[in-house]
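Next come the chains, spelled out residue by residue.
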Amino acid sequence: MSAFIRLIRVKQWIKNAFVFAPIIFSGLFTDTQAIINTCIAFALFCLAASATYVLNDIRDIEQDRKHPEKSKKRPLANGDISQTQAYIILAALYAIIAVSYFILPKVTEVIVLYVIINIGYCFYLKYLAVIDIFTIASGFVLRVYAGAMALEVPVSSWMFITTLCVALYLAAIKRRQELKLQGDGSRKVLKAYTVEVADRFAQMSATSALVFYSLFVTSTRPELVMSIPLVLFGFFRYWFITETLDQGESPTDALIQDWQLLLVAFLWAMFCIWTILSTTT
């Protein structure tokens, strides 16, 4: 069971929390059906993300076997799960996603687009500098869009661009830390990057995310203006643990392992929910 959990990367499911952004800002978090639909969209994205990880591990199995860490941690590379079993798991995940069309068709269409993009990433796009970062970031934008489709509500353009910038920041920091901690041998695309370039990408993305989030709040939800300091603290804290603690290679690990990041994320969500609920009742 532990090998299966490692194969589908359950820990990485936290990224799919972006699906919940539309239900928070739309104020529909008191609607039972909206909650159910959003949770289904979240679950489907978890399956789609896991399918991508399985496909990637199948694709990179020989390379992972030569890697000092992945050869031990990846269940396909170390033999805990066979390739045949991995293909069966992958087919099952795709089958469940296909069946979901009869439950939430619009959400499924978004997820299918996500799957197609990530198939392209596994086979080709991850080898193209800059394009690889934007491909990763597009997945977060699609998560937000899927959350909106689950509710059948429009999403502010500000939310889309803010999500894109946040995702670009996380992806750039990930590439930076991979280069800094492992060198350019762990991924082929890293040979095209330098730590300095990744730093510039991250700085530009973080600044843009803060600006666009502030514009989004002031233009769409001015009552949430006090959430801006929480977002600012989150960026500062993440950059701090990246620079001083050498984390950030895995955004999920950085979030889970740092209580201050967890706390500020919780406070941000609770503040937004409480404020929106107070203004709509």
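Structure first, text after, so check above.
Basis of the calculations
Residues numbered from 1 in each chain as written. Predicted model: local features only at pLDDT ≥ 70, side-chain atom pairs only at ≥ 80, totals over all residues. Heavy atoms only, no water. Helix = DSSP H or I, 4+ residues; strand = E, 2+ residues; numbered from the N terminus. Rg over C-alpha atoms; globule rule 2.2 N^0.38 Å. Polar contact = N/O pair within 3.5 Å; in protein donor to acceptor, adjacent residues only side chain to side chain. Core = buried A, V, L, I, M, F, W, Y, C linked by side-chain atoms within 4.5 Å. Buried < 20%, exposed > 50% of the residue type's maximum accessible area, 1.4 Å probe, protein only. Expected span 1.5 Å × (residues − 1). Salt bridge = Lys/Arg side-chain N within 4 Å of Asp/Glu carboxyl O. Axes fitted to C-alpha atoms, helices over the stretch in contact; angles between N-to-C directions. Parallel < 35°, antiparallel > 145°, perpendicular 65-115°, else oblique. Contact = heavy atoms within 4.5 Å. Nonpolar A, V, L, I, M, F, W, Y, C, P; charged D, E, K, R; others polar.

### Things to note about the overall build of the chain
Here's step 1: For the chain, the count of helices and strands is 13 helices and zero strands.
Here's step 2: Scanning the chain from its N terminus toward the C terminus, one meets helices and strands in the order α-α-α-α-α-α-α-α-α-α-α-α-α.
Here's step 3: At 19 Å, the chain has a C-alpha radius of gyration in line with the 19 Å of a compact globule built from 281 residues.
Here's step 4: In terms of principal-axis extent, the alpha carbons of the chain reach across some 55 × 45 × 30 Å.

### Section: the environment of Gln 85
Here's step 1: Within the secondary structure layout, Gln 85 lies in helix α6 (residues 83–99).
Here's step 2: Taking the C-alpha atoms as reference points, Gln 85 and Phe 4, separated by 81 residues in sequence, lie 9.9 Å from one another.
Here's step 3: Looking at Gln 85, its side chain comes within polar contact range of the main-chain nitrogen of Ser 82, at 2.9 Å.

### Examining the nonpolar core
Here's step 1: The biggest cluster of nonpolar side chains holds 36 residues, and the ones touching the most others in it are Phe 25, Met 159, Tyr 169, Tyr 213, Phe 235 and Tyr 238.
Here's step 2: Counting 34 residues, the second largest nonpolar core, distinct from the first, contains Ala 51, Ile 58, Ile 81 and Tyr 114.

### Some words on helix α10 (residues 195–220)
Here's step 1: When the terminal C-alpha atoms of α10 are compared, their 36 Å separation across 26 residues agrees well with the 38 Å that a helix rising 1.5 Å per residue should span.
Here's step 2: The complete set of buried residues in α10 reads Ala 198, Asp 199, Ala 202, Ser 205, Ala 206, Ala 209, Leu 210, Tyr 213, Phe 216 and Val 217.

### Quick look at the pattern of salt bridges
Here's step 1: All chains considered together, the criterion is met by 13 salt bridges.
Here's step 2: For Glu 178, the salt bridge goes to Lys 174, with nearest N and O atoms at 3.5 Å. One end of the pair, Glu 178, and the other, Lys 174, are both in helix α9 (residues 157–182), four residues apart, so they sit about a helical turn from each other.
Here's step 3: Taking relative accessible area as the criterion, Glu 178 reaches 3% and is therefore assigned buried.

### What to know about the packing of α9 against helix α11 (residues 228–245)
Here's step 1: α11 packs onto α9 with a crossing angle of 10° between their chain directions and a minimal axis gap of 11 Å. The orientation of α9 relative to α11 falls into the category roughly parallel. Where α9 approaches α11, its residues Val 166, Tyr 169, Leu 170, Ile 173, Arg 176, Gln 177 and Lys 180 are matched on the opposing element by Phe 235, Tyr 238, Trp 239, Thr 242 and Glu 243.
Here's step 2: Across the contact of α9 with α11, the residue classes break down as seven nonpolar, two polar and three charged.

By themselves, these figures tell us nothing about what the structure is for.
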